[in-house]
Amino acid sequence: MGRGKLRIYLGAAPGVGKTYAMLSEAHRRVERGTDCVVAFVEHHARPRTEVMLHGLEQIPRKELVHRGSVFTEMDVDAVLRRAPAVALVDELAHTNVPGSRNAKRWQDVEELLAAGIDVVSTVNIQHLESLGDVVEAITGIRQRETVPDEVVRRADQIELVDMSPQALRRRMAHGNIYKSDNVDAALSNYFRPGNLTALRELALLWVADRVDEYLTAYRSEHRVSKIWGSRERIVVGLTGGPEGRTLIRRAARLAEKGAGGEVLAVYISRTDGLTSASPKELAVQRTLVEDLGGTFHHVVGEDIPAALLDFARGVNATQIVLGSSRRKTWQYIFGPGVGTTVARESGPDLDVHIVTHEEVAKGRGLPVARGARLGRSRIVAGWLVGVLGPTILALLLNTVDLGLANDMLLFLALTVAAALLGGLLPALASAAFGSLLLNYYYTPPLHRLTVADPRNIVAIVIFVAVAVSVASVVDLAARRTHQAARLRAESEILSFLSGSVLRGETSVDELLERVRETFGMDAAALLERSSEVDPWTCAGSVGPGAAAERPEDADVEVPIGDHIALALSGRVLPASDRRVLAAFAAQTVVALDRRRLQQEAEQARTLAEGNRIRTALLAAVSHDLRTPLAGIKASVTSLRSEDVEWSEEDRAELLASIEEGADRLDHLVGNLLDMSRLQTGTVTPLIRAVDLDEVVPMALGGVPEDSVELDIPETLPMVDVDAGLLERTVANLVENAVKYSPLTTPVLVAASALADRVEVRIVDRGPGVPDEAKDRIFEPFQRYGDAPRGAGVGLGLAVARGFAEAMGGTLNAEDTPGGGLTMVLTLRAVASFHGPARLAEAERQTT
């Protein structure tokens, strides 16, 4: 059975109609005869949504008890046993109640998909993990329930459920989303028009990027070369010259004129390496384009105009921005230039902008066509000079008698010119043809291929030798120049590779993308296997159509050792590119090894932390558990003894000793359990609005009556916390303060509002803690000073900080003026988190 398909309804905010759309789709499928069930759908007491559940088979939910309350979650096992064709699973980003099969609902969905069950689900844009910071900046709320972007991107279908902010606010005002007593606060806070508009834009842009990925894959699979101008995508051609900054800024302004515009700056280097690019200037331009929201690309190509157009068509660009040529007027005799060629060859789908700048016509850093490998045009010119030149010269010399010596010098000049233009072969041809013409026309006896004077024979031999020598020197210089230029190009590419590593582009996929882009390939994959008989597995791939099963299926295969290979698809690379490609391949393997080492280091760190905690736990509880147990056992043994007749006062004292030991055990075990929950990440706070004056007094039950002084104003705003966790946090802090504070000085517990926060300060007059130890006292199993073993296992403050951070707060230690220590517990005020709207969202998440 194959993997199931995932369909996601994506919305910009609660209430846009995702669940309703999902249920409507379910009814359509049932009417078509599809076996469709409701695995988990929450209607949130919305009548229209609740009505849509009628007529659909619902899988009974699984009940879980947490903190004395009963919660329901999706029963994954029941859905797997039922094995429907389609399962509806609402709220993909939901965090399951502790004790569930998986921590997150999207993990439950993965199990259903792996079992071959199609899943239809819903998610809001604010729950995507990569957008957490953006959403918090817009709404002021940090979303704690998130789903990895990759889970949503892997969906087979993503459908945007869109609604204008005005329509959504009308739904809210009519009571179709939240209860009527929460509507006013919601409309004035979270559901403000600005918030909804920004969230809607995020959703639209995210879906647009996803659609663009589909479009790119389709065009690649179907080999569509024609540009589809779905949105403005502007390619900036950089030469590495100072005009690049002007071009980038102009392209950015063009992109801003259309929604969703994108800027891609590309630098194309020739394989011969002879460019006037400044590495420093390219680095500056790369930073500039990335600061403006664009991307930088480096491509190698023999023909710069063709490579630029291929890149633009490959990324489905709509415009190309180039700078006016820096060549001087006389240099145009070597060709029309890149800008003119690109404009002529771009076709009707690509707009080419030629931008003027201050460097126009100031010349390039290197002479044109000098030192490069001899091209076809130069070779043709060399043959013309070497063959036609002697013929034309002979016709001219027949009209003038300059003497044999001068005639030989003129023919030698033609041979040297042929060597400079076309290299060795045209020069040899010129020397041979010129010597024949000299012998036939100008060496006695004339018009015969014989030489009467031996001195003339020597002259002709010297002429041929000089011609061949000059031609050989020129050809050798050309080949050496090409080799040097090739090495320069390779060093430039390798420098760019090392720069990518220094910039942090060290993941396998990033390096494979850099390989694919640099060599102009369609796809790249890194394959590995354990032995020569094992099948290949794909360690990473980029681009459509990557050879993910066998290296032999690719156009270019680069073996790296016995069991790793880099496979490139798209075209066959020349042998001269293999050396640089091998460097890329080696760096990719290093990245793969680094990734595995990081994973192993993380696992080792986790194991080491666990071992440290277990070792500390055993060392700490070895005495702390035995002491109260020994006291309890001694008291119980005394009470059961028949040899002693205990008075009522003695019996009461022994029973009080038993109760005190049991309380100490209960407190110790509670802290150990809380610490284990924090270490395993299973603390899931149930956030709701709470009054401090209702919770803080309840936390003082474990300390003597007169040991604490309360100062909690009634005018304080409510705080967004878990009441149970807050009570345990304050209790631990107060007990710690009372333990170290003098008996005659009560501990002060005071609260005050500060901007969008509420601070609870627990002030003692004890010995205090030095600055260097203030962070260490919050670590597990730490006691400050010479506290005896009986003072506890050192978990109270660690548990308090863990609970505070789980609720979105902070806990820090400060010096008390005049001596002592002050614990500052900072909590979120409900007013700053949109009051009832935030409360309603929290209640929705917990239910």
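What counts as what
Residues numbered from 1 in each chain as written. Predicted model: local features only at pLDDT ≥ 70, side-chain atom pairs only at ≥ 80, totals over all residues. Heavy atoms only, no water. Pairing = 2+ DSSP bridges. Helix = DSSP H or I, 4+ residues; strand = E, 2+ residues; numbered from the N terminus. Axes fitted to C-alpha atoms, helices over the stretch in contact; angles between N-to-C directions. Contact = heavy atoms within 4.5 Å. Parallel < 35°, antiparallel > 145°, perpendicular 65-115°, else oblique. Left-handed = near helix turned anticlockwise from the far one by under 90°. Nonpolar A, V, L, I, M, F, W, Y, C, P; charged D, E, K, R; others polar. pLDDT = per-residue confidence, 0-100. Buried < 20%, exposed > 50% of the residue type's maximum accessible area, 1.4 Å probe, protein only. Patch = residues over 30% accessible without salt bridge, like charges linked within 9 Å, V, L, I, M, F, W, Y side chains within 5 Å. Areas by Shrake-Rupley, 256 points an atom, 1.4 Å probe, with all protein chains shown as cover. Salt bridge = Lys/Arg side-chain N within 4 Å of Asp/Glu carboxyl O.

### Let's talk about the sheet that holds strand 9 (residues 233-238)
Here is step 1 of the chain: Strand order in this open sheet of five strands is 11-10-9-12-13, and the pairing throughout is parallel. Both outer strands of the open sheet, strand 11 (295-300) and strand 13 (351-355), are each paired with one neighbouring strand and no more. Across this sheet, the average inter-strand angle for adjacent strands is 25°, counted without regard to direction.
Here is step 2 of the chain: Bridging between strand 10 (residues 262-269) and strand 11 involves six bridges; their strand directions are parallel. The partner of Ala265 across the bridge, within strand 11, is Phe296.
Here is step 3 of the chain: In this fold helix 10 (residues 244-256) packs onto strand 9, strand 10, strand 12 (319-323) and strand 13, with an angle of close to 175° to the strand it touches most, strand 9.

### Things to note about the pairing of strand 4 (residues 62-66)
Here is step 1 of the chain: Sheet topology note: the strand 4/strand 5 (residues 69-73) ladder contains five bridges and is antiparallel. Within strand 5, the position partnered with Val65 by the bridge is Val70.
Here is step 2 of the chain: Taken together, strand 4 and the strand that follows it, strand 5, pair antiparallel across an intervening segment of two residues, in which Arg67 is found at a positive phi of about 55°.

### Quick notes on the packing of helix 14 (residues 376-397) against helix 15 (residues 404-422)
Here is step 1 of the chain: Interaxial distance between helix 14 and helix 15 falls to 7 Å at its minimum, and their mutual angle equals 165°. With respect to each other, helix 14 and helix 15 are oriented roughly antiparallel. Viewed along their axes, helix 14 and helix 15 form a crossing whose handedness is right-handed. Listed contacts from helix 15 to Arg378, Ile379, Ala381, Gly382, Val385, Gly386, Gly389, Pro390, Leu393, Ala394 and Leu397 of helix 14 are Asp407, Leu410, Phe411, Leu414, Ala417, Ala418, Leu420, Leu421 and Gly422.
Here is step 2 of the chain: Across the contact of helix 14 with helix 15, the residue classes break down as 14 nonpolar, four polar and two charged.

### Section: the confidence of the model for the chain
Here is step 1 of the chain: Summary statistics for the chain give a mean pLDDT of 77 and a share of 77% for residues scoring 70 or more.
Here is step 2 of the chain: Predicted confidence for residues 784-793 stays below pLDDT 50, and this span has 26 contacts to residues more than four positions away or in other chains.
Here is step 3 of the chain: Note that pLDDT drops below 50 for residues 832-847; the model gives that stretch 42 contacts with residues more than four away or on any other chain.

### Quick word on helix 12 (residues 304-314)
Side chains that are three or four residues apart share a direction in an α-helix, a result of its 3.6 residues per turn.
Here is step 1 of the chain: Of the residues making up helix 12, those classed as buried are Ile304, Pro305, Ala307, Leu308, Leu309, Phe311 and Ala312.
Here is step 2 of the chain: Where helix 12 is buried, its residues touch strand 9, strand 10, strand 11, strand 12 and helix 13 (338-345).
Here is step 3 of the chain: Asn316 sits one or two residues past helix 12 and shows a positive phi near 60°.

### Describing a nonpolar patch on the surface
Here is step 1 of the chain: On the surface, Ile379, Val380, Trp383, Leu384, Val387, Leu388, Ile392, Leu396, Leu425 and Leu428 cluster together into a nonpolar patch covering about 880 Å² of accessible area.
Here is step 2 of the chain: Secondary-structure elements contributing two or more residues to the nonpolar patch are helix 14 and helix 16 (424-442).
Here is step 3 of the chain: Broken down by element, the residue count for the nonpolar patch peaks at eight residues, all from helix 14.
Here is step 4 of the chain: The class for Leu425 is exposed, based on a relative accessible area of 55%.

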